[in-house]
Amino acid sequence: MRTRARQRAAAEEDLRPARWPPHWLRRATMLRLAAVGALLAVAAAILWSAEPASPCAPATASTDGPSPSPSVSPSATLTLPAGTVGVPVRLADPAALTAVRPGARVDLLAVPPAGVQKPGREPLLLAGRALVLDVLTGDAGEIGSALYLALKPAQAQATIAQPEGIRFAIVVRE
């Protein structure tokens, strides 16, 4: 008892201010800071491990038959299916781009210019049911407004090998 009385008397005589720990050192505040730090670390790990989708990346799964067209948002870019290559194609009528979204299937046609077109000569089907990977609108480099299509290598060669002046058109399938 005497020791407590002496401590009390010494405390009353001491004129220094009481030294409380700062508010950020309190237990509840430290737990909150630890929880926020852990959540930030988890979010950073998720963002760090996620790889952005590239339109040139090969698909992970391949199917033998025709696959249903994937449902995607209008601004999404799809990945190339196995065995296809990506080809940008300028259309003769840029207004047709408004009717197409990524994931749609289109027929790609080569139409000769109006002065060269002979009666009885129909547009040439270059690719049937081609998958639309992206719709490029505005100034995207030198391409401008175009469709980015997934074509088989033979179809891509036939498309690129078309003579200058050939116009491309599409028929939307789905």
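Residues numbered from 1 in each chain as written. Predicted model: local features only at pLDDT ≥ 70, side-chain atom pairs only at ≥ 80, totals over all residues. Heavy atoms only, no water.

*Asks:* Is there a simple way to explain the overall build of the protein chain in this structure?
*Replies:* When helices and strands are tallied, the protein chain shows three helices and five strands. In sequence order, the protein chain lays out its α and β elements as α-α-β-β-β-β-α-β. Here the protein chain holds 174 residues, and 23% of them are scored as buried. Taking contacts inside the protein chain between residues at least 6 apart in sequence as the whole, the part at least 24 apart equals 69%. Carbon together with sulfur atoms contributes 59% to the accessible area of the protein chain, which is approximately 12,900 Å² in total. (Helix = DSSP H or I, 4+ residues; strand = E, 2+ residues; numbered from the N terminus. Buried < 20%, exposed > 50% of the residue type's maximum accessible area, 1.4 Å probe, protein only. Contact = heavy atoms within 4.5 Å. Areas by Shrake-Rupley, 256 points an atom, 1.4 Å probe, with all protein chains shown as cover.)

*Asks:* I would appreciate a short explanation of the nonpolar core in the present structure.
*Replies:* For soluble globular proteins, nonpolar side chains are generally found buried alongside one another. One finds Val100, Leu108, Val132, Leu147, Leu149 and Leu151 to be the most contacted residues of the largest nonpolar core, which totals 21 residues. Mapped onto this core, the elements with two or more residues apiece are strand E1 (85-89), strand E2 (105-111), strand E3 (124-136), strand E4 (146-151) and strand E5 (167-172). Of all the elements, E3 adds the most residues to this core, at five residues. Leave out the neighbours within four places in its chain, and valine 132 touches Leu78, Val100, Arg101, Pro102, Gly103, Ala104, Val106, Leu147, Tyr148 and Leu149. Formed by six residues, the second largest nonpolar core is a distinct cluster that contains Leu80, Leu131, Tyr148 and Ala150. (Core = buried A, V, L, I, M, F, W, Y, C linked by side-chain atoms within 4.5 Å.)

*Asks:* Even after reading the chapter, I still don't get the layout of surface pockets, so can you show me in this structure?
*Replies:* Of the voids in this model, the second largest pocket is the one considered here, and its volume is about 290 Å³. Lining the second largest pocket are twelve residues, and of these Pro88, Val89, Arg90, Thr159 and Phe168 sit closest to its centre. Those elements that place two or more of their residues in the lining of the second largest pocket are E1 and helix H3 (153-160). Element by element, the count of residues in the lining of the second largest pocket is highest for E1, at three residues. Of the residues in the lining of the second largest pocket, the class split is eight nonpolar, two polar and two charged. (1 Å grid on protein atoms, 1.4 Å probe; cavity = no way out; pocket = protein on both sides within 12 Å on 5 of 7 lines; lining within 4 Å. Points joined across faces, edges and corners; volume = space filled by probe spheres on them. Nonpolar A, V, L, I, M, F, W, Y, C, P; charged D, E, K, R; others polar.)

*Asks:* What is the right way to read the pattern of salt bridges from this model?
*Replies:* Think of it this way: side chains of opposite charge can pair up when their charged atoms draw near. Scanning the entire structure with this criterion turns up one salt bridge. For aspartate 107, the salt bridge identified is with arginine 173, shortest N-O distance 3.4 Å. Here arginine 173 lies in the segment after E5 and aspartate 107 lies in strand E2, a separation of 66 residues in the sequence. (Salt bridge = Lys/Arg side-chain N within 4 Å of Asp/Glu carboxyl O.)

*Asks:* Before we go on, may I ask you to explain the confidence of the model for the protein chain in this structure?
*Replies:* A low pLDDT score tells you not to read the predicted coordinates there in detail. Taken as a whole, the protein chain shows an average pLDDT of 76; of its residues, 64% reach a score of 70 or greater. Counted against residues more than four places away or in other chains, residues 54-75, with its pLDDT under 50, gives 27 contacts. (pLDDT = per-residue confidence, 0-100.)

*Asks:* For this particular structure, what's the right way to read unusual backbone geometry?
*Replies:* Leaving glycine aside, a negative phi is the common case for residues, and trans is the common case for peptide bonds. Not every positive phi belongs to a glycine, and arginine 129 is a case in point at roughly 55°. Relative to the assigned elements, arginine 129 resides in strand E3. By relative accessible area, which is 33% here, arginine 129 ends up partly exposed.

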